Structures are given as C-alpha cells and as structure tokens.
2 protein chains.
Amino acid sequence: MTSDTLCFSVQGSDRSGLLRDLTTLVANVGGNIEGISLTGGREVEMHLEVSGVEDAEELRIALSQVEGISATAIYESSAAIFGKRVIVLGGGAQIAQVVLGAVSEADRHNIRGERISVDTIPLVGEGKIAEAVRAVARLPRAAILVLAGSLMGGEITTAVLELRRLSRIPVISLNMAGSVPDAADLVVTDPVQAGVMAVMSIADTAKFDLARLKNRRM
Amino acid sequence: MTSDTLCFSVQGSDRSGLLRDLTTLVANVGGNIEGISLTGGREVEMHLEVSGVEDAEELRIALSQVEGISATAIYESSAAIFGKRVIVLGGGAQIAQVVLGAVSEADRHNIRGERISVDTIPLVGEGKIAEAVRAVARLPRAAILVLAGSLMGGEITTAVLELRRLSRIPVISLNMAGSVPDAADLVVTDPVQAGVMAVMSIADTAKFDLARLKNRRM
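Residues numbered from 1 in each chain as written. Chains lettered and ligands numbered in written order. Predicted model: local features only at pLDDT ≥ 70, side-chain atom pairs only at ≥ 80, totals over all residues. Heavy atoms only, no water.

1. What about the overall build of chain A?
And then number 1: Counting its regular elements, chain A contains eight helices and nine strands.
And then number 2: With respect to the three principal axes, the spread of C-alpha positions in chain A is 60 × 35 × 30 Å.
And then number 3: Once local pairs closer than 6 in sequence are excluded, the contacts in chain A between residues at least 24 apart make up 72%.
And then number 4: For chain A, the accessible surface area stands at approximately 9,100 Å², while carbon and sulfur atoms represent 49% of it. (Helix = DSSP H or I, 4+ residues; strand = E, 2+ residues; numbered from the N terminus. Contact = heavy atoms within 4.5 Å. Areas by Shrake-Rupley, 256 points an atom, 1.4 Å probe, with all protein chains shown as cover.)

2. Re the pattern of salt bridges
Where charged atoms of side chains with opposite charge meet at close range, the side chains can pair.
And then number 1: Here the structure, examined in full by the defined rule, presents 20 salt bridges over all chains.
And then number 2: Here the salt bridges share partners, and the residues they tie into one network are Lys84, Glu114 and Asp204 of chain A. (Salt bridge = Lys/Arg side-chain N within 4 Å of Asp/Glu carboxyl O.)

3. Concerning the relation of the copies chain A and chain B
And then number 1: Turning chain A through 180° and shifting it by 0.0 Å along the axis lays it on chain B, with an RMSD of 0.1 Å. Taken together, the rotation angle and the small translation identify this as a two-fold axis. The rotation axis passes nearest to the C-alpha of aspartate 119 of chain A in chain A, at a distance of 2.1 Å.
And then number 2: An overlap of 98% is found between the interface residues of chain A and their copies at the interface of chain B, pointing to a shared contact surface. (Least-squares fit on C-alpha atoms with pLDDT ≥ 70 in both.)

4. A word on the pairing of strand β3 (residues 43-51) of chain A
All names here are of chain A.
And then number 1: Among the nine residues that make up β3, seven are buried, leaving the element largely enclosed by the rest of the structure.
And then number 2: Bridge count for strand β1 (residues 6-13) against β3 is eight bridges, and the pairing is antiparallel. In the strand pairing of β3, valine 10 is matched with methionine 46. (Buried < 20%, exposed > 50% of the residue type's maximum accessible area, 1.4 Å probe, protein only. Pairing = 2+ DSSP bridges.)

5. A short note on the interface of chain A and chain B
And then number 1: Contacts between chain A and chain B engage 51 residues on the former and 50 residues on the latter.
And then number 2: Around 4,300 Å² of area is buried between chain A and chain B when both sides are counted, 64% of it from carbon and sulfur atoms.
And then number 3: Ranking the residues of chain A by area buried against chain B places Phe82, Pro122 and Arg138 of chain A at the top, with a combined share of 16%.
And then number 4: Viewed at the interface, chain B and chain A are joined by zero salt bridges.
And then number 5: Run the count over chain A and chain B and you get nine residue pairs in polar contact (both at pLDDT 80 or more).
And then number 6: Per-element tally for the side of chain A that touches chain B: the top contributor is helix α4 (residues 93-110) of chain A, with 10 residues.
And then number 7: Looking at side-chain class alone, the side of chain A that touches chain B contains 28 nonpolar, 13 polar and 10 charged residues.
And then number 8: Pairing between strand β6 (residues 116-122) of chain A and strand β6 (residues 116-122) of chain B: three bridges, direction antiparallel. Looking across to β6 of chain B, one finds that aspartate 119 of chain A is bridged to aspartate 119 of chain B. (Buried area = accessible area lost by both parts, 1.4 Å probe. Polar contact = N/O pair within 3.5 Å; in protein donor to acceptor, adjacent residues only side chain to side chain. Nonpolar A, V, L, I, M, F, W, Y, C, P; charged D, E, K, R; others polar.)

6. Focus: the packing of aromatic side chains
And then number 1: As enumerated under the stated definition, the model contains zero aromatic pairs over all chains in all.
And then number 2: The ring of tyrosine 75 of chain B has arginine 138 of chain A lying over it, and the distance from NZ or CZ to the ring centre is 3.7 Å. (Phe/Tyr/Trp six-rings, centres within 6.5 Å; stacked < 30°, edge-to-face > 60°. Lys NZ or Arg CZ within 6 Å of the ring centre and 35° of its normal.)

7. What about the pairing of strand β1 (residues 6-13) of chain B?
All names here are of chain B.
And then number 1: Of all eight residues in β1, six are buried, a share of seventy percent or more.
And then number 2: For β1 and strand β4 (residues 69-76), the ladder comprises seven bridges, and the chain directions are antiparallel. Along β4, the bridge assignment pairs glycine 12 with isoleucine 69.

8. Structural notes on the packing of helix α1 (residues 18-28) of chain A against helix α1 (residues 18-28) of chain B
And then number 1: Closest axis-to-axis distance for the α1 of chain A/α1 of chain B pair is 9 Å, and the angle between their directions is 175°. Relative to α1 of chain B, the element α1 of chain A lies roughly antiparallel. Only Leu19, Arg20, Thr23 and Thr24 of chain B of α1 of chain B make contact with α1 of chain A, whose side of the interface consists of Leu19, Arg20, Thr23 and Thr24 of chain A.
And then number 2: The class makeup of the residues in the contact of α1 of chain A with α1 of chain B is two nonpolar, four polar and two charged. (Axes fitted to C-alpha atoms, helices over the stretch in contact; angles between N-to-C directions. Parallel < 35°, antiparallel > 145°, perpendicular 65-115°, else oblique.)

9. Let's talk about the environment of alanine 135 of chain B
And then number 1: Tracing the backbone shows alanine 135 of chain B in helix α5 (residues 126-135).
And then number 2: For the pair alanine 135 of chain B and leucine 161 of chain B, spaced 26 residues apart in sequence, the C-alpha to C-alpha distance is 13 Å.
And then number 3: When residues no more than four places from it in sequence are discounted, the contact partners of alanine 135 of chain B are Ile81 and Phe82 of chain A.

10. Details of the sheet that holds strand β9 (residues 186-188) of chain B
And then number 1: Strand order across the open sheet formed by 10 strands is β9(A)-β8(A)-β7(A)-β5(A)-β6(A)-β6(B)-β5(B)-β7(B)-β8(B)-β9(B), with mixed pairing between neighbours. The strands lining the two open edges of the sheet, one partner per strand, are β9 (186-188) of chain A together with β9 of chain B. Along the sheet, successive strands turn relative to each other by an average axial angle of 20°, direction set aside.
And then number 2: Pairing analysis gives six bridges linking strand β5 (residues 84-90) of chain A to strand β7 (residues 142-148) of chain A, with the strands arranged parallel. Residue pairing across strands places arginine 85 of chain A opposite alanine 142 of chain A, the latter belonging to β7 of chain A.

Here you go:
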C-alpha cells in the first residue's frame, strides 16, 4: 500500500552532495518530494515531505545509511499536522480582528476533524505588502489570502490579480479605500466576519463556496 | 559580493532527477540550500531558498537551461518577507486572545522594520497537540511557541521538554491546569499579554529577554 505524505527527517554533518544523495534514494523508491526544509549549519537537519512511498521503513533505513547521516525518523507530514493555511496580511487595528474571527472559526472546524492554520504577517507600505502578496504563491499549503487595512491599491492590486490568476488562491479584501477591493474575490466590511468567511470557504466541514456567491460585497 | 538568502523559482515539467539536477547546479556555484518548497503535479514549481551565491543572475541562467525548465525568477527569500514566526497552539476561547495580543504587538514592531509573523493552529486533544509541538521543531523560521488552553499535560509536557532541549525554541504557557506550565520557560495568566510577550521576546526592537526574567510566573 502506498502511504500518504510522510516526513522523513535526517540529521548529520552537511557535505557537498548530501541533498542530492538523499533525493536520489527517494526517487529510486518512486517517492515524490513535496517539500524540504533544512535547519542548522554544519550539523544539519533535513525534513523531506515525501508521498508515494510503498515501504516507509525501508526508505528510512536506506536514508540512514547515507554517508554523514547520524539519525533518522519518520513523522506525520506538516500538511497532516498543520493543514491548510489562511494567510492574513495588512496592518493596523483590523488585522488583529480578522485573525480573531479566523482563529475562532478554525477552532470550530478543527474540533470536527479539519486542520486549518491561520498565519499572519502585520505589514505596512505598498511595496512590502505587494511583495508579500506575491510570495503567498510560494508558501506551502496556502489556501486563501485575506487583506486587512484601510487603504490598499497600486502595486498591491497588481499583485492580487497576479496571485489569483497564476496560483488560483482566492483573495478576500476588507471594504477599504483604494483599488484592492475591486481586484478581490470577495469584499467584507466587518473584519471578524472576513476572517470567519475565509475559514468557511476552505473548510470541508462548511458549505460555503466563494465561487457561488452572487453578492461579492458585504 | 555574496548575496543574502534569495529565492530561485523555477517552473517546468517534472521528471525523475529534476531536483537532483537543480541542487547540483546550486552546489556547483557554492550555494547553500536553506529550504525548498514545491507546488503542482506534472507541471511543477520549485522554490529554492539559497544563500552564499556570488552571482545570482548567473545561477538563474544556469537553472533556466536545465532540461524541462520553462521559466525562472529570483525573489526575496521567505525569511526576508515573512521573518521570524511566533507559533500559537491550543484551543478554545484563549487562543484567539493570545493571537490578538501577538498580532497587535507584531504590528508595532514590524512598523519599525522588524518582520515577525504570528502563525496559529487551533487544536484539541493531547495526542494532536503533542504531535504539533514536536513538529514546531521542523517548521522553518519558528522562533517561539505559545501554548493556549485550560488543561495540558502528559504527552504534551514531554513534547514541550523535548522541543526546548533539542531545538532551543522557548515555550510560553498560559497559566493552566496540568503539568505544561511547569515545563515552560514562562507562564503568563493573561492570554493577550502572553501573545505580546512572545513577540517582545523575539523582537530585536524590544528589550525583553526570557532568560533574564526572575519571575517565571505572571
């Protein structure tokens, strides 16, 4: 039986070619690498998120025999533990209210078996926010973006349109000044409700589909 | 001049050995891979966070010539954009209050040039929370953990002690029933203050050092 995604963690001394040797072993057993994180310097820990492995213990043993590796372990994948991510960007008084709504709603869904995380970066400035919006496309497990603030437009609007087109990640905007609300999938006036709706729209336990909404401003 | 960490993004058709070929090119120019995220299926996007590269444009061109690669780009690293992460785990009414405090405080520091994210997963159940506490060690850029709830002990306490010992990630616990407060670096009664203190303790713009606190319960 092929396993779901698992995290294979290895510890050891870093050396040239170590990552290549590990990924080659994963490819040899037909595993698909879905993400890798690395921590440490010369003594390195690598965490490989791998799907499609038939015999996880066999792969762990193979990894443990790679030159320089001193310890190995198998864990649940980050996707299984932390699940889908609501990303909240923006600044000021509203961002904390969006997160309040999103976290309270995620708690209600997670108690019924969902795994939804709420991840926030408070930021100000058109350039910084636009850059962060674009970077959401590169965040693992990002499922929806909420923009919280009182004025966003210009470069941020361009970044929102790019994110929606290239990554299919939906965007909820607070009702605010500037052109960002026109570029978003949904505009919500109350910040707590914006957070709640973001979670509802990605929860399998909720019946709420952004694409089916007739009223895109509320 | 050697660059800071940059994100090299490539798009193309996935094939056996693609990751190996890319990582070999990075190693050839003396780059250190600090993380990799992958999205997509057959049409894949890979984002390699790389430090120590002298000529980023030269590496981008080399990556663009790898078989199967159709597009490449260079971005700021996730570390530069999303910064250090406060991780908040737990459930119920308190978790949203911890996040409220942390996000408001992060907003104040980020406005002065910090980059601090606040990432939350509402979870209940001893096993699930213990597993998530252990997984914090494998989350990129995790700087501190806050545990929010009314009762935590048993396996969660073991996981907290492991996290502190193996990863040096400090742990703040709400004042609650169970043995987790005894295992934490700091115990805080008010959830909003717990969130604020978590951000203060990792902000370079704040003078607050958990290690120098004489009173570990407040």
